[in-house]
Amino acid sequence: MPLVAFRHDLHAHPELGFEEHRTAARIAAALRDIEGMDVFTGIGGTGLVAVLKAGSSDRSIGLRADMDALPIQEETGLSYASCTPGIFHGCGHDGHVAMLLGAAQHLARTKRFDGTVYFIFQPAEEGQGGARAMIEAGLFDRFPADEVYALHNWPDLPAGTAATRPGPIMAAADRFEIVLEGKGGHAAIPHHTPDAILAASDLVGQLNTIVSRRIAPTDLAVLSITQIHGGHAHNVLPPCVSVSGTVRSFDPVVQDGIEAALRQVAEGVALASGTKAKVTYDRSYPATINDPDAAEKALAAAARVCGHAHVAPAPALTSEDFAFMLHARKGAYSWLGQGQEGKGAPLHHPRYDFNDDVLATGMNWHVALAEQLLSA
Ligand code: NI
């Protein structure tokens, strides 16, 4: 099946994290059709790895694609749009799978390398840590890649271009929830209960001072409050209000500083208002940090196939669970231009549309990386 058709089939049948059963089965079947490919399934849930060897060298490289879709109702109107209501490949992981599968087919055909290539298809990138699940299931013990690489389509970069950078490329993502508890009561008798709504309003303002006043201006971080829940009637003061959001950072010291300040601010607001604060702070994905040498290799391979590869001037504040793989192995994460600068819908938008014209570029990038690292 041509790569575009394969991608469209996955697109029409998207699956959420750790539920990519059909997707993984399709990929495994396509890989088993390739001569010389050994396929191993069920690694960290729905994850799979294909192994291709050539020559006699013991060098190896891992190439990773993510497989999961998002809980979004697609609004693209495409002929191959999602057949599953409320689930949509809104981040282009269907494209990532197709590019890596294409690279597997190409490398098996040409075998212009000396060593082992591990093709890693991982589940649940969108917030559930599929990369971590695969590592905990023994990914790098069973498939000990010397170095590991991944790419993500990037709508705002011109098509036919690529970018990455040494050091931080994607942020650490933390989640927090602060519940302020009062007592609740009649809105006309406010002096009989701590006002959790007023306290929450104060808390939102105070939390927004953490990055600007507690973190050095030279450090990069974001704290966004995304939800406030509380109250149900115009004449009732609610017993509790919750305030939650996300924190993004690149340096663990900055991350620690923000969490400590957030806890202090919550306690302080609670004390001042007579409420009680219950703080939940979860660190989900660490920052994605590229090895400088690996980032250079990724750029060199991209320059070979794209012609235009540049060092990204700044990291992105979004996050990526490939971070876990880069904690375990040397490697780099890169962005592949989609050619929708300011025109198309962004990643995770109901009208996001993966650009099939870049499938070949991404495929060739994987091939070039493998041939470069495992040069015969
Ligand atoms: Ni993604």
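Please read these numbers as outputs of a predicted model, since none were measured by experiment.

**Here we look at helix α2 (residues 21–32)**
Here comes step 1: Across its 12 residues, α2 extends 16 Å between first and last C-alpha, which sits within 8% of the 16 Å expected from 1.5 Å per residue.
Here comes step 2: Among the residues of α2, Thr23, Ala24, Ile27, Ala28, Ala30 and Leu31 are the ones counted as buried. Looking down the long axis of α2, one finds its buried residues gathered within 165° of arc, a one-sided arrangement. Structural note: α2 exposes His21 and Arg32 on the side pointing more than 90 degrees away from its buried face.

**Details of the packing of aromatic side chains**
Here comes step 1: Evaluation of the coordinates by the stated rule reveals 5 aromatic pairs.
Here comes step 2: Ring centres of Tyr118 and Phe143 lie 5.8 Å apart, and the angle between their planes is 65°; on these two criteria the pair is classed as edge-to-face. Of this pair, Tyr118 sits in strand β4 (residues 115–122) while Phe143 sits in the loop between α5 (139–142) and β5 (147–154), and the two are 25 residues apart along the sequence. Taken as a pair, Tyr118 and Phe143 share a single burial class, namely buried.
Here comes step 3: On the numbers, 5.8 Å between centres and 80° between planes, the contact of Tyr285 with Phe324 is edge-to-face. Of this pair, Tyr285 sits in strand β13 (residues 276–285) while Phe324 sits in helix α10 (residues 322–328); the two residues are 39 residues apart in sequence, bridging distant segments of the chain.
Here comes step 4: Judged by relative accessible area, Tyr285 falls into the buried class, the value being 5%.
Here comes step 5: On the basis of relative accessible area, Phe324 is assigned to the buried category, the value being 14%.
Here comes step 6: An aromatic cluster of at least three residues, connected via ring pairs, comprises Phe40, Tyr118 and Phe143.

**Description of the sheet that holds strand β3 (residues 60–66)**
Here comes step 1: In spatial order, the strands read β1-β2-β4-β3-β5-β16-β6-β15; together these 8 strands make up an open sheet with mixed pairing. The sheet is open, and its two borders are formed by β1 (38–43) and β15 (308–311), each paired with just one other strand. When strand polarity is set aside, the average angle formed by the axes of neighbouring strands in this sheet is 25°.
Here comes step 2: With 7 bridges connecting them, β3 and β4 associate as parallel partners. Directly across from Leu63, in β4, lies its bridge partner Phe119.
Here comes step 3: Packing of helix α9 (residues 292–306) onto the sheet brings it into contact with β5, β6 (161–164), β15 and β16 (330–337), and relative to β16 it is tilted by some 35°.

**Focus on the nonpolar core**
Here comes step 1: Ranked by internal contacts, the top residues of the largest apolar core, which has 59 residues, are Leu31, Met37, Phe119 and Phe121.
Here comes step 2: Tallying contributions element by element places helix α3 (residues 93–110) first for this core, with 9 residues.
Here comes step 3: Once residues within four sequence positions are removed from consideration, Phe119 is found in contact with Met37, Leu48, Val49, Ala50, Leu52, Leu63, Leu100, Ala103, Ala104 and Leu107.
Here comes step 4: Core analysis: the second largest hydrophobic core is formed by 27 residues, Tyr118, Leu139, Ala163 and Met325 among them.

Rules behind the numbers
Residues numbered from 1 in each chain as written. Predicted model: local features only at pLDDT ≥ 70, side-chain atom pairs only at ≥ 80, totals over all residues. Heavy atoms only, no water. Helix = DSSP H or I, 4+ residues; strand = E, 2+ residues; numbered from the N terminus. Expected span 1.5 Å × (residues − 1). Buried < 20%, exposed > 50% of the residue type's maximum accessible area, 1.4 Å probe, protein only. Arc of directions from axis to C-beta. Phe/Tyr/Trp six-rings, centres within 6.5 Å; stacked < 30°, edge-to-face > 60°. Pairing = 2+ DSSP bridges. Axes fitted to C-alpha atoms, helices over the stretch in contact; angles between N-to-C directions. Contact = heavy atoms within 4.5 Å. Core = buried A, V, L, I, M, F, W, Y, C linked by side-chain atoms within 4.5 Å.

That's the geometry; what it means functionally is another story.
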